Amino acid sequence: MKPQTIKAQPKDAIKDASMLKQKEMMAKHYDRLSDARENGEKVASTFVPGNLNELLMCFDLVNNLPEVNAIQSGLRKQSGAYIMEAERAGHSEDVCTYVKSDIGMMAKGNIGPNGRKLPDPDVLMLSYTGCFTFMKWFELLREQYKCETIFFQTPYMADGKITPNMIQYMVRQLKEEVIPKLEKVSGVKFDLDRLREYLGKSAKAEDDLVYILKSAKHKPSPIDAYFGGIYYIGPIFGAFRGTDDAVEYYRFLRKEVDQRIAAGLGPVTPDGPMGEEKYRLVVEGPPNYTHFRQFWKMFHDEGATVVASSYTKVGGTYDYGFRHDPARPLESLAEYCLGVYTNRSLPMRIDMLVDHMDEYQADGLVINSIKSCNSFSAGQLLIMREVEKRTGKPAVFIETDLVDPRYFSAANVKNRLESYFQMIEQKRSGASRGAAA
Amino acid sequence: MTTPSTSEIVARCKALYEDLNFTTAREWKAAEAGRKVIGFMPIYIPREIIHAAGMLPLGILGGGDNLEVIHGDAYYQSYICRIPRSTIELGISGRLDFVDGMLFPSICDVIRNLSGMWKTLFPEVYSKYFDVPQTYRDEIGGTFYIGEMTAFMHDLEELSGRKITADDLRHSIDVYNKNRRLVRDLYALRAQKPWQAPASEAYLVIRAGMVLPVEEHSELLEHYIAAAGAEDRPIKDNCRVIVTGMFCEQPPLNLIKSLELSGCYVVDDDFMLVSRWLIGDVPLEGDPIHNLAQAFLHHSESTAAKYEPDREEKGQFLVRAVRRTGAEGVIFASPSFCDPALLDRPMQQNVLAAADIPYIAFKYAENSGQMQPIREQAGTFVDSIKLWSAA
Ligand code: SF4
Ligand code: SF4
C-alpha cells in the first residue's frame, strides 16, 4: 500500500495523513479548552518541559500550554501584534517572546487558535524545569489571574547525573505540595492506580515515538526530524501524553513512516514531497514559527532533510531510554523532568549533538539561535565549536526568533544556508579527492 | 596605628576594584603552601563553607568597563548580557589561572549554562553549578539544600585534603556574621546620612569584600564606617532613591557616580547581595549546615532572581525598603538582556505604582561608556520628585 498524501490547493500546505490527524487532535483539544467552563471542567496551565500531564489528568484537569498557544499565535502571524502589545504595557524588548506573546494575547481577549476565548486557568502548575523564564512567566500570570499557583522545582542536571537528593526533593514536592494542592483545586482525590494506568499508556506512545525518531537513520530518511518533528512531538509533549489518543496517533504515525521506508520515500513537506536527499542535518535550537513554512522551504529547496534535532527533546529525551514507568510513578515523573533537553548541562547537550551526528550519519549541524531564549542560546557558540571539533563536520549559525517576526530576516537566513550547503559540498569533494589520491 | 581616612580607604578599595589580575588573592594564595581560592559568581554562595575549608572565596563579577574583551565575544551572541563574556575573557586570558574552583550559583540560565561552558573550557578546574531551592519548607527545600551544601562541602574536603568540622563551620559563620553586621551598619549609615557615605564609596568598600579575606574586609568596613561617620561632609539637596536590578552584571562605577551627580542619594541597592543575603545572625549553636539552610530559607533577601511563593508579598520588599530608608523613588537599572531583572520589573513596578512610589527604568551594560542619557533621565526624575513633593 502506498502512503497516503492528501492533495491540497497549490498554495495550501501539503500535509500527510498523520499531520492532518494531529491537527484534528489539537483542534479538538482547543475546543475542549474553550468549552471547559460550560462542561464544568477545570483548567491547569503549565509548561512543555516538565509537563505533568498524567498527573493533571488524575485530577480531571484540562492541560493548557501557554508555550503552545504562543506557537499557534506565531504560526498564525498574530504573535507580532501581541508582542508589541506587551511591550507597550512595559515588558522589556529583551525578554522571551513567548511570554510577551502570551501576555499580549491575554490583553487582547485571550482568543485561541480556534477563534474562541480560552478560559482563565483554575491553577497555574509552575513546573520549573529547564528554563528560568518559566518562574517569572507564571508569576506574571498569577498577578493577572490571582489563582492557585503550584510551584514544582526540577534541579538542574549540571553534573550530567541525577542524584538521589534531586529525586527525593522532587518526590517530596509532588507528595507534600503538588498533589495536595491539585486535590484542593480540583476537588478530586488522588488515585495512584489511575496515575499508573496513564503512565503505562505514555510509555507505549513513547516507544512508538522513539521508533519514529530513529527511523531517520534510514537513507533517505522517511521523516524530517525538526520541521516535521514538530508535528510529531505535538501530542506527546502537550495534552495527550498518557491518553489512548496518543497511543493511537503514534501507532498510526509509525505505520505511515513504515510505509514511506518501504517505498524508499523521504518526508512530506508543506511544499510537496522531499525529492532527492542531498544533505542530512542535525539541528540545535527551536525553530522560527512566524515564517515556519518559508524556513522549512529553504531546506526543502536544497534537498536538506533534518535527521535529528534537539528541539524534539525539550519535552522528553525518550530516545535516550527514558520511559514513564508505572512501577515507579512519582520517581519517574521526576526523572522525566530532570532529563528534558533544556535541563541538561551544556556538556551533555554537546554529547547529544555529537551522538546524533554520528548515529544519523549527518553532514553537519545547523544551530538556529533564538534571540530571546537564554536557556537555549547562551553557550551555543561553544556548542558549535565543540561539535565541529569532535565530528570534523561543518556547522552553521543562524539567528532568528521563535515568535517575533521582527527577527526573522529571510534573506540573511537563506544566504547563510546557501553558503553552508556549498561548504558541505566543498568538504565532500575535498574528501573524495582525498580518497582518490 | 592611626585609623586611615575615608579617602585612603576608598583609594585602596578602588585599586582592588581595578585590579583584574586579582593580585591580593594571588598573594594570599602564595603566602602559604596548599592554600586554595574558590571563585564564585552572583548571586549567593554560602561563603562560610569555603572559609571553613581554609580557602578564599573570591567574587567574580565580570570584567567591568576596564577589560578589553578579545575572546569573550566569540562565545556569545550580541543578545546576551555582558558578564558571561567578560568572565570567559578573564578565564581565557589567564587572569583566573590561580583559581582552584569556580562556582556558578542558581540565578539565571546564562550563568547556569556558563557552568557547563566552564567545564568544557577548563576541564582541569573544579567547577560547580550551585543549585538552591526555590521552595522554602524545611522538610522539602530545606532538606534538598542541606543535601546540596553537604555535597559541596565534601567536594571542598576532597580538594583540600582535610575534613571540615562543625567547629570550623561555626567559626566561619561567626566571622561572616560579623561581616554582615558591618555591611548592614554601613547601609544604615548611608540610609541615614547618605552625604557621609555616598553610594560610589560604599560600593567600592563592599566590593572589596569580594576579593579580600573576610577578616580583613571586616576591619576595612569598621575603619570606613568610623571615618565616614566622623567626617564633616556637606549636605546636598539630593533626592533619596533606591536602585534595583544591579544584582549580577555590575554597573560601571561611573554610572553610580552619574546618579549622584544628577542629584540622587542612593540609600539602598542590590549590589553584591552575597554580602547581606542572609538577614540577621546565623545561630552558632546546633548543626551549622542546618543553621545556614534555615537562614537561607527563612531569613534571606528578596530579589528578582527568586521565586516569591506568596502573591501578596510580591515586590513588597521594595516598598518596605522605601519606607525603611525614607527613599522618595526607585530606579530600575537592569543589565541589557537580563532575564531576572527585566522579567520581574513590570511586577515590581505595579507594586510601586499601587503604593504611590515614583520610579524610572533604564538599562546598562558593564562597559557602558555614555552616561549622558542616564544622567539626564535621573536628573529629570529628581526634578519631578522635588516638584511632586513640593506640590
Ligand atoms: S525555553 Fe526559551 S523560549 Fe521557552 S520559555 Fe524559556 S526562554 Fe522562552
Ligand atoms: S546579568 Fe542577568 S541574565 Fe546576565 S548573567 Fe546576570 S542574572 Fe543572568
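The structure contained in this document is the topic of the report that follows. (Residues numbered from 1 in each chain as written. Chains lettered and ligands numbered in written order. Predicted model: local features only at pLDDT ≥ 70, side-chain atom pairs only at ≥ 80, totals over all residues. Heavy atoms only, no water.)

**Comments concerning the overall build of chain B**
Next up, step 1: Within chain B one finds 14 helices and eight strands.
Next up, step 2: Over its C-alpha atoms chain B spans a radius of gyration of 20 Å, differing by no more than 12% from the 21 Å that the globule rule assigns to 391 residues.
Next up, step 3: Overall, chain B is about 65 × 50 × 45 Å in size when its C-alpha atoms are taken along their principal axes.
Next up, step 4: Here chain B, with 391 residues, has 63% of them falling under the buried criterion.
Next up, step 5: Taking the contacts inside chain B whose residues are at least 6 apart along the sequence as the reference set, 75% of them involve residues at least 24 apart. (Helix = DSSP H or I, 4+ residues; strand = E, 2+ residues; numbered from the N terminus. Rg over C-alpha atoms; globule rule 2.2 N^0.38 Å. Buried < 20%, exposed > 50% of the residue type's maximum accessible area, 1.4 Å probe, protein only. Contact = heavy atoms within 4.5 Å.)

**Describing the sheet that holds strand 10 (residues 304-309) of chain A**
Residue and element names in this part refer to chain A.
Next up, step 1: Strand order in the open sheet formed by four strands is 10-9-11-12, with parallel pairing between adjacent strands. On the outer flanks of this sheet lie strand 10 and strand 12 (395-400), each paired with one strand and no other. Pairs of neighbouring strands in the sheet enclose a mean axial angle of 30 degrees, with direction left out of account.
Next up, step 2: Two elements, strand 11 (residues 364-370) and strand 12, share six bridges in a ladder whose sense is parallel. Bridge pairing links V366 to V396 in strand 12.
Next up, step 3: Packing of helix 11 (residues 292-300) onto the sheet brings it into contact with strand 9 (279-284), strand 10, strand 11 and strand 12, and relative to strand 10 it is tilted by some 110 degrees. (Pairing = 2+ DSSP bridges. Axes fitted to C-alpha atoms, helices over the stretch in contact; angles between N-to-C directions.)

**Side note on the site of ligand 2**
Residue and element names in this part refer to chain B.
Next up, step 1: In the vicinity of ligand 2, 13 residues are found, and the nearest of them are C81, C108, I111, C248 and C338.
Next up, step 2: Elements represented by at least two residues in the shell around ligand 2 include exactly helix 5 (109-121) and helix 13 (339-354).
Next up, step 3: Of the residues assigned to the shell around ligand 2, the class counts are eleven nonpolar, no polar and two charged. (Near = heavy atom within 4 Å. Nonpolar A, V, L, I, M, F, W, Y, C, P; charged D, E, K, R; others polar.)

**Looking at the environment of T133 of chain A**
Next up, step 1: One can find T133 of chain A in helix 6 (residues 132-145).
Next up, step 2: Taking the C-alpha atoms as reference points, T133 of chain A and S375 of chain A, 242 residues apart in sequence, are found 8.4 Å from one another.
Next up, step 3: If sequence neighbours within four positions are ignored, T133 of chain A has contacts with C96 and V99 of chain A together with D109, D339 and L343 of chain B.

**Some words on the packing of aromatic side chains**
Next up, step 1: This model, assessed by the stated rule, comprises 39 aromatic pairs over all chains.
Next up, step 2: Seen in terms of ring centroids, F227 of chain A and F295 of chain A are 5.4 Å apart; in terms of plane orientation they differ by 85 degrees. Their pairing is edge-to-face. Placement of the pair is F227 of chain A in helix 9 (residues 227-237) and F295 of chain A in helix 11, with a sequence separation of 68 residues.
Next up, step 3: By relative accessible area, which is 0% here, F227 of chain A ends up buried.
Next up, step 4: Residue class for F295 of chain A comes out buried when judged on its relative accessible area of 1%.
Next up, step 5: Taking 4.5 Å as the distance between ring centres and 35 degrees as the angle between the ring planes, the aromatic pair formed by Y145 of chain B and F296 of chain B counts as tilted. Highlighted residues: Y145 of chain B in helix 6 (residues 138-160) and F296 of chain B in helix 11 (residues 288-298), separated in sequence by 151 residues.
Next up, step 6: Since its relative accessible area comes to 2%, F296 of chain B is described here as buried. (Phe/Tyr/Trp six-rings, centres within 6.5 Å; stacked < 30°, edge-to-face > 60°.)

**Brief notes about the pairing of strand 7 (residues 329-335) of chain B**
Residues and elements named next belong to chain B.
Next up, step 1: Burial within strand 7 is extensive, with seven of its seven residues counted as buried.
Next up, step 2: Residues G329, I331, A333 and P335 line one face of strand 7 and the alternating positions V330, F332 and S334 line the opposite face, and both faces are buried.
Next up, step 3: Direction of pairing for strand 5 (residues 239-244) relative to strand 7: parallel, over a ladder of four bridges. Its bridge partner being in strand 7, V243 is matched across the sheet by I331.
Next up, step 4: In terms of strand pairing, strand 7 meets strand 8 (residues 359-364) through six bridges, oriented parallel. In the sheet register, F332 faces strand 8, and the bridge partner there is A361.
Next up, step 5: Read as a crossover between parallel neighbours, the route from strand 7 over helix 13 to strand 8 is right-handed. (Right-handed = clockwise from strand over helix to strand, strands pointing away.)

**Digging into the interface of chain B and chain A**
It is common to give the size of an interface as the accessible area that goes away when the parts come together.
Next up, step 1: Contacts between the two partners involve 54 residues from chain B, matched on the other side by 53 residues from chain A.
Next up, step 2: Taking both sides of the interface into account, the surface hidden between chain B and chain A amounts to around 4700 Å²; carbon and sulfur atoms contribute 55%.
Next up, step 3: Three residues stand out in chain B for area buried against chain A, namely Y79, Y307 and L343 of chain B, and they jointly supply 16% of the buried area on that side.
Next up, step 4: Counting across the interface, chain B meets chain A through seven salt bridges.
Next up, step 5: In this assembly, chain B and chain A are joined by 35 residue pairs in polar contact (both at pLDDT 80 or more).
Next up, step 6: Of all the elements in the fold, those that place two or more residues in the side of chain B that touches chain A are helix 5, strand 4 (126-130), helix 6 and helix 13 of chain B. (Buried area = accessible area lost by both parts, 1.4 Å probe. Salt bridge = Lys/Arg side-chain N within 4 Å of Asp/Glu carboxyl O. Polar contact = N/O pair within 3.5 Å; in protein donor to acceptor, adjacent residues only side chain to side chain.)

**Some points on the sheet that holds strand 3 (residues 101-105) of chain B**
Residue and element names in this part refer to chain B.
Next up, step 1: Strand order in the open sheet formed by four strands is 2-1-3-4, and the pairing between neighbours is parallel. Of all the strands in the sheet, just strand 2 (56-59) and strand 4 have a single pairing partner and so form its edges. For this sheet, the mean angle separating the axes of adjacent strands, direction not counted, is 25 degrees.
Next up, step 2: Two elements, strand 3 and strand 4, share five bridges in a ladder whose sense is parallel. The partner of L103 across the bridge, within strand 4, is K128.

**Here we look at the nonpolar core**
Next up, step 1: Among the nonpolar cores identified, the biggest contains 269 residues, and L55, Y98 and F299 of chain A together with L259 and I331 of chain B are the most heavily contacted of them.
Next up, step 2: Counting residues per element, this core draws most heavily on helix 7 (residues 164-186) of chain A, at nine residues.
Next up, step 3: Residues contacting F299 of chain A, with those up to four places away along its chain left out, are F227, M274, L281, A304, V306, V366 and L417 of chain A.
Next up, step 4: Counting 13 residues, the second-largest nonpolar core is a separate cluster that includes I242, L318, V330 and V351 of chain B. (Core = buried A, V, L, I, M, F, W, Y, C linked by side-chain atoms within 4.5 Å.)

**Examining the site of ligand 1**
Residues and elements named next belong to chain A.
Next up, step 1: Around ligand 1, a shell composed of C96, Y98, C131, T133, F134, W137, C373 and L402 is seen.
Next up, step 2: If you tally residues by element for the shell around ligand 1, the top one is helix 6, at three residues.
Next up, step 3: Partitioning the shell around ligand 1 into residue classes produces seven nonpolar, one polar and no charged.

**Considering unusual backbone geometry**
Next up, step 1: With an omega dihedral of -5 degrees, the bond running from K219 of chain A to P220 of chain A counts as a cis peptide bond.
Next up, step 2: Along the chain, P220 of chain A turns up in the loop between helix 8 (192-214) and helix 9.
Next up, step 3: Look at the link from P42 of chain B to I43 of chain B: it is a cis peptide, with omega at 25 degrees.
Next up, step 4: Considering the arrangement of structural elements, one finds I43 of chain B in the loop between strand 1 (37-40) and helix 3 (47-52).
Next up, step 5: At K146 of chain A, a residue that is not glycine, the phi angle is positive and equals roughly 50 degrees.

**A short note on the packing of helix 4 (residues 79-88) of chain A against helix 5 (residues 97-107) of chain A**
Residues and elements named next belong to chain A.
Next up, step 1: As a packed pair, helix 4 and helix 5 sit with axes 7 Å apart at the nearest point and diverge in direction by 85 degrees. When the axes of helix 4 and helix 5 are compared, the pair comes out roughly perpendicular. Contact residues: helix 4 offers S79, Y82, I83, E85, A86 and E87, while helix 5 offers T97, K100, S101, I103, G104, M105 and A107.
Next up, step 2: In terms of residue class, the contact of helix 4 with helix 5 is built from six nonpolar, four polar and three charged. (Parallel < 35°, antiparallel > 145°, perpendicular 65-115°, else oblique.)

**Remarks on helix 7 of chain A**
Residues and elements named next belong to chain A.
Next up, step 1: In this model, helix 7 (23 residues) spans 31 Å end to end at C-alpha, consistent with the 33 Å of a helix rising 1.5 Å per residue.
Next up, step 2: The axis of helix 7 is deflected most strongly, by about 40 degrees, at L174.
Next up, step 3: At the exit of helix 7 stands G187, carrying a positive phi of roughly 75 degrees. (Expected span 1.5 Å × (residues − 1). Bend = angle between axes of the 7 residues up to and from the residue.)

**What to know about the pattern of salt bridges**
Residue and element names in this part refer to chain A.
Next up, step 1: Applying the stated criterion across every chain, the model contains 73 salt bridges over all chains.
Next up, step 2: K108 is the partner of E85 in a salt bridge, and the nearest nitrogen-oxygen pair spans 3.9 Å. Taken as a pair, E85 in helix 4 and K108 in the loop between helix 5 and strand 5 (123-128) lie far apart in primary sequence, 23 residues in all.
Next up, step 3: What makes E85 partly exposed here is its relative accessible area of 23%.
Next up, step 4: Of the charged contacts in the structure, one is a salt bridge between E148 and K184, with a shortest N-O distance of 3.8 Å. Linking E148 in strand 6 (residues 148-153) with K184 in helix 7, this pair joins segments that are 36 residues apart in sequence.

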